[in-house]
Structure formats: C-alpha cells, structure tokens
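A closer look at the structure
This is what each chain is made of:
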Amino acid sequence: MSHFAAVPLAPRDPILGVTEAFQQDPRPYKTNLGVGVYQNEQGQIPVLDCVRQVERAIGHDPRPHGYLPIDGFPLYIAAVKALVFGPDAGLVASGRVATLQALGGTGGLRLGAGVLAGFNPRPGVLVSNPSWENHEALFRRAGFRVGHYRYYDPNRHGVDVDGLVADLAAAAPGTIVVLHACCHNPTGYDLRPDDWARVVAVCADRQLMPFLDMAYQGFDRGLNEDAQAIAQFVAADLTFLVATSFSKSLSLYGERVGSINFVTGSADEAARVLSQAKVTARTIYSNPPSFGAKVAAQVLTDPDLRASWETELGQMRDRIKAVRRALRRGLEDRGLNGNFSYITQQTGMFSYSGLTPEQMHRLRDDYAVYGLDSGRLCMAAINHGNIDHVIEAIANVWE
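Below, the structure is looked at part by part. Since this is a predicted model, take the numbers as computed values, not measurements.

Within a beta sheet, neighbouring strands are joined by backbone hydrogen bonds and run either parallel or antiparallel to one another. Strand order in the open sheet made by the 7 strands is β2-β10-β9-β8-β7-β3-β4, with mixed pairing throughout. Each having just a single partner strand, β2 (97-103) and β4 (146-150) make up the two edges of the open sheet. Neighbour-to-neighbour, the strand axes of this sheet turn through a mean angle of 25 degrees, independent of strand direction. Contacting β7 (176-180), β8 (209-214) and β9 (240-245), helix α9 (residues 228-235) runs over the sheet at an angle of about 155 degrees to β8. With respect to the sheet, helix α10 (residues 267-284) is in contact with β2 and β10 (257-263), its orientation differing from that of β2 by roughly 15 degrees.

Rendered as structure tokens:
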C-alpha cells in the first residue's frame, strides 16, 4: 500500500502547458506566443553585454561558494532599494524598508504571502480580473481566500477604473490587494497616474494592504517612470509590499533573481517584519543563491555597467513597441473588421488580443501559432522571421 495512492493528478499549468505542447509539435513553422520571456530578433533569450562583462570578471576571480545571509547579498539588497524607491528615498534612509533577496518575482510574492499569512485574523486577497495565473494559485496555497476586482473592460479595450475603485471601496479593511505596478500581465493595459491616485486614495481610506508586483520595470517607459506607482504609495505614507524581478530586465531567468520589499511604519517595525520574513525564508529554502544576485548588484552599482544596461533595456523596450506597430499595421492592411489600435496602446511584453478560446485553438491546431486560451500573446516572441505567418494566421481565424 503506497502512502501516495490517494494523491490526485494536478492540472497542467496553463502557461507551461502551452510550451510543452509547442515543443511536441513537429511543424517547422511553429511559433510560441505563449511563452513569458523576452526574445530577440533571432528568437533567442539574449545575454546582455553588461551581464556578460560581470560574468567574465567573476570567472577570472573565482572564490569559495559560501552561504549568503538568509536575507541575501547585502550589496544587492541596497541596490534593489535604490532602484525601487529611488537612490535618496527618505523611507529607506530611515530604515522603514525591509528587503529580502528572493527566488525571482514569484519567490518574492511567496515570501510576502508567507509573512502576511502569520497575521491574525487572516485577511482576504483580491487580484485583478484577469491576472497572471500564478497570483491566485500562490495566495490560495498560502491559505488565503482569494477574490477579484474588476480590471479589464473588453468593450472599451482598456481598464475599468471605476469598477476597480468601486470593488476596492467595498473591500473589508485589511484586505490584501495585488496590483501590477506596470506592464499588466496578461492584458498589457496599465493605470494612468491619475488612476493610480484614485487607487492609492481608496487603499488609504479603506485601510487596505497593497501588494505590488513589479516584474517588468523598464519595459514600458523607463526604470524611473515605471516605478511611479510605487512613488505614489510612498508619498501617501502607506504601508505596503513590492515584489520585483530581474528575470526580464537583466535576462537572468534561470538565476531566479528577485526581491520582496516591506514598507513599514518605522525602523522598529521593519526589524520585526524582517525577522519574520527571514524565518519564512529559512523554512522554505534557507539561503538564496549567490551568482545572479552578485551579477545584478554589480550592474546596478557600477556606473558604466548601469549605463550599458539602461541602453540595452531601452533597446528591448523599443523592439517590442516596433513589433506592436508592425503587427497592428499588418492586421489593418488585411482589411479585417475591427479596430486594432489597442495593440499599440498596450504596454509591456503581452497583448490581450481579443481572440476567443476557440480562435486560439484554431491558431494552434491549424497554424502552429501557440498562445493562451485567454487570448494573451507575447509580443516579445514575434520577430521578422515569424510576423508574416502570425499575421496570416490571426487574419484567417478572425471573425
């Protein structure tokens, strides 16, 4: 008798499952637009020059691979605080921010959820409708009740700001609200500064706990510009959390380089929160890995490498915008019924295409173009070698 006999088979991950199906497809013209990684014009994950320089330097100066502190590499932690909150942020100088190195953005979210789960009574969690699939699953696994707030309005191809604010205004005090700081995944529709002001105000009025996920900093307008939502919460003097990732912006996917930042009410409060976060990390993985954090820290703190990174990040950002323009133009040139201006109005790596699950199945089955059933397409996976095929396929399933 096996002790695992009653374990049920878990459903396949909706995103990774698409990649698995893509890999098994023998058709040579297949295209994977479901993948959530940035690819260059050659369809490859790039190695940034700034990262390559640091890797070479580390390779020429090998050192023992000792454990990092539970909260992570100190230089990295300081660099993350400066990037997220600004180099001269008063709340950082006053010790009000507790930061841990995390296993990517997902690890940051999980650490934050683990600390918040220790609060009693445990509040509910609200995520956007729709949101990244792992948001809801992650908080449910941490023991939270998860609901939704209105976000995407398919009729206007944009954000239902009034509905969003109304749903937050109806939430119970203490409710955790998961917000996308920029480049909303999966829709590509972001809040404007005045929209963020309304969200900040309702969070303050209802005493909600904002939890911002900033996995794509730098992929919309720039590093500082994409953190403007953070700045508004800081200006309102609220307590909140921010999870970040360097998977996309430094193309360090496999190194799992991220962070979780707790903005607290005082230095004493931050010390207590940090102690609980370290206990949470200790019981999950004990210590974070060192290589990716050292690479990121060096890029962030060396002026020349930082300048190189910002240039390369800008090139990635501009390439995605060029792809959006080309895709929109190609679909419009086909004379299809519909307004495709939303493709260039969206930001970041993803586009909510408006395609139905049935149309997405036809794209996959008939044309080997893979995307999520929700209609989410990864703009960064489109290049000069596959865009004509993608346009042709979408045009053929469009109704």
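Below, the discussion takes up unusual backbone geometry. With an omega dihedral of 5 degrees, the bond running from N129 to P130 counts as a cis peptide bond. Cis rather than trans, the peptide bond between N185 and P186 has omega equal to 25 degrees. Checked against the element boundaries, P186 lands in the loop between β7 and α8 (193-206). In this structure, C183 is a non-glycine residue whose phi angle is positive, near 55 degrees.

One ladder, built from 5 bridges, connects strand β3 (residues 125-129) with β4; its direction is parallel. Residue V127 lies in a different strand from β4, and its bridge partner there is H148. Taken together, β3, helix α6 (residues 133-141) and β4 constitute a β-α-β crossover, and its handedness is right-handed.

Glancing now at the pattern of salt bridges. Per the stated rule, a full pass over the model turns up 17 salt bridges. Across the pair D237 and R96 runs a salt bridge, and its minimum N-O distance is 3.2 Å. Separated by 141 residues along the polypeptide, D237 in the loop between α9 and β9 and R96 in the loop between α4 (90-93) and β2 bring together distant segments of the chain. For R96, a relative accessible area of 16% puts it in the buried group. A salt bridge links D167 to R150, with the shortest nitrogen-to-oxygen separation between them at 2.9 Å. A residue pair is termed long-range when its members are at least 10 positions apart, and D167 in helix α7 (residues 161-169) and R150 in strand β4 qualify at 17 residues. Using a relative accessible area of 41% as the deciding quantity, one classes R150 as partly exposed. What emerges from the salt-bridge pattern is a single network uniting R192, D194 and D195.

The rules behind these values
Residues numbered from 1 in each chain as written. Predicted model: local features only at pLDDT ≥ 70, side-chain atom pairs only at ≥ 80, totals over all residues. Heavy atoms only, no water. Pairing = 2+ DSSP bridges. Helix = DSSP H or I, 4+ residues; strand = E, 2+ residues; numbered from the N terminus. Axes fitted to C-alpha atoms, helices over the stretch in contact; angles between N-to-C directions. Contact = heavy atoms within 4.5 Å. Right-handed = clockwise from strand over helix to strand, strands pointing away. Salt bridge = Lys/Arg side-chain N within 4 Å of Asp/Glu carboxyl O. Buried < 20%, exposed > 50% of the residue type's maximum accessible area, 1.4 Å probe, protein only.

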